[in-house]
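# Coordinates in review
Take a look at the letters that make up each chain.
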Amino acid sequence: MTAPAEDDSRLAATCAEALVGPGVQLAGSRDDGTPQELLAELAAQGWDSSRIREARRECRALGRRWPVELPDERIRAVGFARFQAWMAECIRLLGIDSVDAGVRDAHMPLDAEDRRLLADRPPHHGAVG
């Protein structure tokens, strides 16, 4: 097995930014840590489960995605699969993986993805609506 690239040490920081947004600084979480350790460090900085839930609610109320969308290059640097696995575990540990999953707030403005999905019609539907 090859040694991890220098950018791989940013896994915890990348996940933290996806959870709480830009500007979060980590002191103890490292790439060889665990999602539990990351969440403990975030909680020590005031980002406990309820505050992360509130940040999630605010993002969605503003029509933004949560977890916070990061550039592909940032995720590629730590590995898409590793990032996804860490994020899934963090979200599970926070207990927010099923909270209003897939339910869209009708008061939220449509984002580009919503508009694309609404405009997408199977060919056999023709020009309906």
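Please refer to the structure placed before this passage.
Everything quoted here is computed from the prediction, not taken from an experiment.

Cut-offs applied
- Residues numbered from 1 in each chain as written.
- Predicted model: local features only at pLDDT ≥ 70, side-chain atom pairs only at ≥ 80, totals over all residues.
- Heavy atoms only, no water.
- Helix = DSSP H or I, 4+ residues; strand = E, 2+ residues; numbered from the N terminus.
- Expected span 1.5 Å × (residues − 1).
- Contact = heavy atoms within 4.5 Å.
- Buried < 20%, exposed > 50% of the residue type's maximum accessible area, 1.4 Å probe, protein only.

### Digging into unusual backbone geometry
That bond from Trp 66 to Pro 67 is cis: its omega, 0 degrees, falls within 30 degrees of zero. Relative to the elements of secondary structure, Pro 67 occurs in the loop between α3 (49-61) and α4 (72-78).

### Comments concerning helix α5 (residues 80-94)
Taking 1.5 Å of rise per residue, 15 residues should cover 21 Å, and α5 covers 21 Å from first to last C-alpha, within 8% of that figure. Taken together, the buried residues of α5 touch α1 (11-20), α2 (35-44), α3 and α4. Of the residues trailing α5, Gly 95 is marked for its positive phi of about 75 degrees.

### Notes on α1
One turn of an α-helix holds 3.6 residues; hence residues three or four places apart share an orientation. Counting buried positions along α1 gives ten out of ten residues, so the element sits mostly inside the fold. Of the surrounding elements, those touching the buried residues of α1 are α2, α3, α4 and α5. Gly 21 sits one or two positions beyond α1 and adopts a positive phi of about 100 degrees.

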